[in-house]
Amino acid sequence: MTAYDGEDITYQLALVRSAEATDGVRLSYADPVDTDWMFGALWHRHGMTRAGHPQWKLVNTPRQRRCMIRNLCQVCGKSAMDGDTGRIWWVMAEPPGKNVLGEEFTNTPPTCRACIRLACHLCPRLREWAQAVTVGAAEPYGVVADTFKPVGNRLVSVGTATEMPLDAYHDLEYALAKQLIVSLDDLRPEQIP
Ligand SMILES: [Zn+2]
């Protein structure tokens, strides 16, 4: 799910009128298409060619989102669901987030059982601290987004890498989603396989 520098797409954000939006306007593109939207959020346009050089600290938006929606391993791209138990494997470099209801969530995609040991070996963050877990189900919960606000007719950037749940409708109207966050149901700590 690493981003490559040849995958950048030039685009122009715009503030557009929307009858459904809280303030009557919302963030969009100058040339919006239906596929720019998912889960009520506007998504960052990002290529998937793996052209150019890897940018190890940056995440490719459509690859991250696909891993999350389809429970795919972020290392090998195959299913991270355990064939025996039906549970989904994860390895985390920090404990998952938790909301006031006690629901746990993460923006880290799954890692299949077979890849966890390799991931722990290769990733500097996982070498410091790693917890393997399995979950019963993972559902779209929120986004990590860049945020904007309208000043007159202009858009002003107000934040980057801001986490917000998918029911924060007003915030989502001014957000450009870059990663999907999923909730983790029935999370159980596991030994590193
Ligand atoms: Zn894997």
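Quick note: structure is the one above.
Please read these numbers as outputs of a predicted model, since none were measured by experiment.

S.K.: Which residues make up the coordination of the zinc ion, and what values go with them?
M.R.: C73 (SG), C76 (SG), C112 (SG) and C115 (SG) make up the full set of protein donors to the zinc ion, lying at 2.3 Å. Around the zinc ion, the 4 donor atoms sit at angles spanning 100 to 114°, and that spread fits a shape best called tetrahedral. As a motif over one chain, the donors of the zinc ion read C-x2-C-x35-C-x2-C. Of the two residues, C73 sits in the loop between helix 1 (61-70) and strand 7 (88-92) while C115 sits in helix 2 (residues 113-122), which places them 42 residues apart along the sequence. Accessibility expressed as a relative area gives 9% for C115, which makes it buried.

S.K.: So what's going on with the pattern of salt bridges? Which residues, and what values?
M.R.: Tallying each qualifying case throughout the model produces 8 salt bridges. A salt bridge links E7 to R63, with the nearest nitrogen and oxygen atoms 2.9 Å apart. Of this pair, E7 sits in the loop between strand 1 (2-4) and strand 2 (13-17) while R63 sits in helix 1, and the two are 56 residues apart along the sequence. An identical accessibility class is assigned to E7 and R63; each is buried. Within the structure, one salt-bridge network assembled from shared partners comprises D31, D36 and R45.

S.K.: Outline the side chain of Q64, listing residues and values.
M.R.: Tracing the chain through its elements places Q64 in helix 1. Within the local environment of Q64, its side chain forms a polar contact with the backbone nitrogen of L180, the two atoms lying 2.8 Å apart. Those residues in contact with Q64, other than ones at most four positions away along the chain, are M1, V59, N107, P109, Q179 and L180.

S.K.: Talk me through the packing of aromatic side chains; I want residue IDs and the actual numbers.
M.R.: Taken as a whole, this structure holds 2 aromatic pairs when the rule is applied. Between F105 and Y141, the ring centres sit 4.7 Å apart and the planes meet at 15°, which makes this aromatic pair stacked. Here Y141 lies in strand 11 (residues 137-151) and F105 lies in strand 9 (residues 104-106), a separation of 36 residues in the sequence. You'll find F105 and Y141 in the same group, each marked buried. For the cation-ring pair, R45 lies above Y29, with the distance from its terminal atom to the ring centre recorded as 3.9 Å. Between R65 and the ring centre of W43, over which it is positioned, the NZ or CZ distance is 4.8 Å.

S.K.: Which residues make up the sheet that holds strand 10 (residues 131-135), and what are the values?
M.R.: Whether parallel or antiparallel, the strands of a sheet pair through hydrogen bonds between backbone atoms. A sheet is described by the order of its strands in space; here 3 strands give the open sequence 7-10-14, paired in antiparallel fashion. Among the strands making up the open sheet, the edge pair consists of strand 7 and strand 14 (188-190). Neighbouring strand axes in the sheet, compared pairwise and without regard to direction, differ in orientation by 35° on average. Here strand 7 pairs with strand 10 via 5 bridges, running antiparallel. Within strand 10, the position partnered with W90 by the bridge is V133. Here helix 2 sits on the sheet and contacts strand 7 and strand 10; the angle it forms with strand 7, its principal contact strand, is near 10°.

S.K.: I'd like to hear about the nonpolar core, residue by residue, with values.
M.R.: Note that soluble globular proteins tend to have their nonpolar side chains buried in a common cluster. Counting 24 residues, the largest nonpolar core has W90, V143, M164 and V182 as the members making the most contacts within it. Secondary-structure elements contributing two or more residues to this core are strand 5 (41-43), strand 7, strand 10, strand 11 and strand 13 (175-185). Per-element tally for this core: the top contributor is strand 13, with 5 residues. Beyond its immediate sequence surroundings of up to four residues, M164 is in contact with G142, V143, A145, T147, D171, L172 and A175.

Procedures and definitions
Residues numbered from 1 in each chain as written. Predicted model: local features only at pLDDT ≥ 70, side-chain atom pairs only at ≥ 80, totals over all residues. Heavy atoms only, no water. Donors = N, O, S within 2.8 Å, 3.2 Å for Na, K, Ca; no water. Tetrahedral: all angles 85-135°; square planar, octahedral: opposite > 155°, others 65-115°. Helix = DSSP H or I, 4+ residues; strand = E, 2+ residues; numbered from the N terminus. Buried < 20%, exposed > 50% of the residue type's maximum accessible area, 1.4 Å probe, protein only. Salt bridge = Lys/Arg side-chain N within 4 Å of Asp/Glu carboxyl O. Polar contact = N/O pair within 3.5 Å; in protein donor to acceptor, adjacent residues only side chain to side chain. Contact = heavy atoms within 4.5 Å. Phe/Tyr/Trp six-rings, centres within 6.5 Å; stacked < 30°, edge-to-face > 60°. Lys NZ or Arg CZ within 6 Å of the ring centre and 35° of its normal. Pairing = 2+ DSSP bridges. Axes fitted to C-alpha atoms, helices over the stretch in contact; angles between N-to-C directions. Core = buried A, V, L, I, M, F, W, Y, C linked by side-chain atoms within 4.5 Å.

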